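Structural description and commentary
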Amino acid sequence: MTAASTPKGERRRHALVEAAAQLLAEGGFDAIRHRAVAERAGLPLASTTYYFDSLDELITAAVMHRGEVEFARGWAQLERTPPNAGFDALVELVLDQLLGDEPESGDAEAVLLRYERLVATGRRPYLKPVMGSDAVKLRELLSAIFTKCGMPVDTARIEQVIALVDGAVLNAIIEIHADPRARARQILRAALAE
């Protein structure tokens, strides 16, 4: 039994992953450094290299953790949604999954950080398996949202919705729109109402 597989080791490893995931959400990939993660977790600097073979491995664990938290929150939110909740609920649930549902998510800076993270992920080939898995999970969750809200759609329509929201948000960010979520809501409502 290694120290990393003891209960204390598991707690420390988990604390490092949570700290890295928080830093990722707050400042993107550049914020995840050994020293910053150790300080955030309240652990010695050496613990980051003891529990993780590389910074890439720590980043991968942080991305996986962030995805698990976001999907768990999304499924719990859907569980609380009444059947056939309708159009307005559908729009907000879709936006929550694509843009985040944290209180600060309406803030343009929070949305920008989320999209920067997504774009930067593409430059990290070691994250491709995690992102591929998360993409499948996202589409499953979105499909369940449309179905529960009484508007089931096929996978092609889900792809269109994702592209539509992403495009609206990126345009809002480029135009320095104060509320990219509001812009995405407006365009999504118009597209789904057709």
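Scroll up a little and you will see the structure.
The notes below deal with the structure included here. Keep in mind the model is a prediction, meaning the values are calculated, not measured.

Quick look at helix α8 (residues 155-174)
Taking 1.5 Å per residue as the helical rise, α8 with its 20 residues ought to reach 28 Å, and the 28 Å between its terminal C-alpha atoms agrees with that figure. For α8, the full list of buried residues reads I158, V161, I162, V165, A168, V169 and A172. Seen from one end, α8 has its buried residues packed into an arc of 135 degrees, which puts them on one side. Residues of α8 that are exposed and point over 90 degrees away from its buried face: T155 and I174. Looking at the buried side of α8, the elements it contacts are α5 (87-99), α6 (108-121), α7 (128-148) and α9 (180-193). Positioned one or two residues after α8, I176 has a phi angle of 55 degrees, which is positive.

Comments concerning the packing of aromatic side chains
Inspection of every chain in the model, using the stated rule, returns one aromatic pair. Seen from their ring centres, Y50 and Y51 are 4.9 Å apart, and the 90 degrees between their planes marks the pair as edge-to-face.

Here we look at the side chain of T121
Counting through the fold element by element, T121 comes out in helix α6. For T121, a relative accessible area of 8% gives the class buried. Those residues in contact with T121 that lie beyond four places of it in its chain are F29, L127 and M131.

Let's talk about the nonpolar core
Core analysis: the largest hydrophobic core is formed by 26 residues, its most contacted members being V94, L99, L142, I145, V165 and L188. Of all elements in the fold, only α4 (55-80), α5, α6, α7, α8 and α9 reach the threshold of two or more residues within this core. Per-element accounting of this core gives the leading share, seven residues, to α5. Those residues in contact with I145 that sit more than four places away from it in its chain are L78, L90, L93, V94 and Q97. L23, Y51, A61 and V63 belong to the second largest nonpolar core, which has 22 residues in total.

Section: unusual backbone geometry
The phi angle at N84 is positive, at roughly 50 degrees, despite the residue not being glycine. Among the secondary structure elements, N84 is positioned in the loop between α4 and α5.

Description of α6
Helix length check: α6, at 14 residues, gives a terminal C-alpha distance of 20 Å against a target of 20 Å (1.5 Å per residue), a fit within 8%. Contacts from the buried residues of α6 go to α1 (7-27), α4, α5, α7, α8 and α9.

With respect to the packing of α8 against α9
For the pair α8 and α9, interaxial distance at closest approach is 8 Å and the crossing angle is 145 degrees. α9 is crossed by α8, and the crossing has right-handed handedness. Between α8 and α9, the contacting residues are R157, V161, L164, V165, A168, V169 and A172 on the first element and P180, R183, A184, I187, L188, A191 and L192 on the second. Looking at the contact of α8 with α9 residue by residue, the classes come out as twelve nonpolar, no polar and two charged.

Regarding the pattern of salt bridges
A side chain with one charge can pair with a side chain of the opposite charge if their charged atoms come near. Applying the stated criterion across every chain, the model contains ten salt bridges. With its nearest N and O atoms 3.7 Å apart, the salt bridge here joins R13 to E57. Of this pair, R13 sits in helix α1 while E57 sits in helix α4, placing them 44 residues apart in sequence. What makes E57 partly exposed here is its relative accessible area of 28%.

Here is what the cut-offs are and how they apply
Residues numbered from 1 in each chain as written. Predicted model: local features only at pLDDT ≥ 70, side-chain atom pairs only at ≥ 80, totals over all residues. Heavy atoms only, no water. Helix = DSSP H or I, 4+ residues; strand = E, 2+ residues; numbered from the N terminus. Expected span 1.5 Å × (residues − 1). Buried < 20%, exposed > 50% of the residue type's maximum accessible area, 1.4 Å probe, protein only. Arc of directions from axis to C-beta. Contact = heavy atoms within 4.5 Å. Phe/Tyr/Trp six-rings, centres within 6.5 Å; stacked < 30°, edge-to-face > 60°. Core = buried A, V, L, I, M, F, W, Y, C linked by side-chain atoms within 4.5 Å. Axes fitted to C-alpha atoms, helices over the stretch in contact; angles between N-to-C directions. Left-handed = near helix turned anticlockwise from the far one by under 90°. Nonpolar A, V, L, I, M, F, W, Y, C, P; charged D, E, K, R; others polar. Salt bridge = Lys/Arg side-chain N within 4 Å of Asp/Glu carboxyl O.

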